[in-house]
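Listed below, chain by chain, are the residues.
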Amino acid sequence: MVADIVNGITMALGSAYEGYDIYTKDVEQGIETPCFFVQLLKASKRPLIGKRHIRDYPFDIQYFPERDGDNEEMMDVGDALEECLAYITLQNGNMIHGNDMSYEIVDGVLHFFVTCSVIMMEVKQEESMDKYGLTVGVHDGKKH
């Protein structure tokens, strides 16, 4: 599920910011700015009634501006990301809502925080009846 959400986020960013690189894995060196880096923070699970639970996936979407320290550009991007990530379309066409959005600028990088919450249903695998055998026969002349 988390890979689907990351994919949806990167697709939303790619639509809004064509031509910008979007990274989901650590890059040692050589990034070309402007670019985004999508990072999952600490995922959690909250129980609901029955077999349902909510999975919370908080993300830190980092934006590296074209010009170092361009606070105005980062503030504009921060405001725009609130609209861009309000609804995230997954590959299967389902949409999820981005919650708890906020942003801050730290050391010349915009950090945009968004949480995607998904209600899940636990599905327990039932044992297949193929493993069990049934023997019918006659014992002592009587049917069992």
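What you are looking at is a predicted structure, and each value in this text was computed from that prediction instead of being measured. (Residues numbered from 1 in each chain as written. Predicted model: local features only at pLDDT ≥ 70, side-chain atom pairs only at ≥ 80, totals over all residues. Heavy atoms only, no water.)

Caption draft 1: Here's a closer look at the overall build of the chain. A count of helical and extended segments in the chain gives two helices and nine strands. Walking the chain from its N terminus toward its C terminus, one meets helices and strands in the order α-β-β-β-β-α-β-β-β-β-β. Of all intrachain contacts in the chain linking residues separated by at least 6 positions in sequence, the fraction that spans at least 24 positions is 53%. (Helix = DSSP H or I, 4+ residues; strand = E, 2+ residues; numbered from the N terminus. Contact = heavy atoms within 4.5 Å.)

Caption draft 2: Structural detail: the side chain of Thr 10. Summarising the element assignment, Thr 10 is placed in helix α1 (residues 2–16). The exposure class assigned to Thr 10 is buried, which follows from its relative accessible area of 16%. When neighbours within four sequence positions are excluded, Thr 10 is seen to be in contact with Ile 22, Thr 24 and Val 38. (Buried < 20%, exposed > 50% of the residue type's maximum accessible area, 1.4 Å probe, protein only.)

Caption draft 3: Spotlight on unusual backbone geometry. Each neighbour pair has its own omega, and for Thr 33 with Pro 34 the value is 0°, a cis peptide bond. Its location among the elements puts Pro 34 in the loop between β1 (21–23) and β2 (35–40). Within the chain, Asp 100 stands out as a residue other than glycine whose phi angle is a positive 50°. Looking at the element boundaries, Asp 100 is found in strand β6 (residues 95–106). Of note in this structure, Asp 107 is not a glycine but carries a positive phi near 50°. Note that Asp 107 resides in the loop between β6 and β7 (109–121).

Caption draft 4: View of the packing of aromatic side chains. Going through the model one piece at a time under the given rule, you end up with six aromatic pairs. Ring geometry for Tyr 17 versus Tyr 20: centroids 5.4 Å apart, planes at 45°, classification tilted. In this structure Tyr 20 comes out as partly exposed when scored by relative accessible area, which is 28%. Ring plane angle 20° and centroid distance 6.4 Å describe the contact between Tyr 20 and Tyr 63, whose orientation is recorded as stacked. (Phe/Tyr/Trp six-rings, centres within 6.5 Å; stacked < 30°, edge-to-face > 60°.)

Caption draft 5: A look at the pattern of salt bridges. Considering all chains together, one arrives at two salt bridges under this definition. Where Asp 56 meets Arg 46, a salt bridge forms, and the shortest distance between an N and an O atom there is 2.7 Å. Here Asp 56 is found in strand β4 (residues 52–64), whereas its partner Arg 46 is found in strand β3 (residues 44–47), with ten residues between them in sequence. Residues Arg 67 and Asp 70 are paired through a salt bridge, measuring 2.4 Å at the closest nitrogen-oxygen approach. (Salt bridge = Lys/Arg side-chain N within 4 Å of Asp/Glu carboxyl O.)

Caption draft 6: Structural detail: a negative patch on the surface. A cluster of acidic side chains, namely Glu 72, Asp 76, Asp 79 and Glu 82, defines a negative patch on the protein surface. Residue placement: Asp 76 occurs in helix α2 (residues 71–84). By relative accessible area, Asp 76 is classed as partly exposed at 48%. (Patch = residues over 30% accessible without salt bridge, like charges linked within 9 Å, V, L, I, M, F, W, Y side chains within 5 Å. Areas by Shrake-Rupley, 256 points an atom, 1.4 Å probe, with all protein chains shown as cover. Lys, Arg positive; Asp, Glu negative; His and termini not counted. Charge placed at Lys NZ, Arg CZ, Asp CG, Glu CD.)

Caption draft 7: Representation of the pairing of β3. Across four bridges, β3 lies against β4 in antiparallel orientation. When the bridges of β4 are listed, Pro 47 appears paired with His 53. (Pairing = 2+ DSSP bridges.)

Caption draft 8: Inspection of the side chain of Thr 115 at higher detail. You can see Thr 115 is positioned in strand β7. Looking at Thr 115, the relative accessible area reads 13%, which means it is buried. Residue contacts for Thr 115: discarding those within four places in its chain leaves Asp 56, Tyr 57, Pro 58, His 97, Gly 98, Asn 99 and Asp 100.

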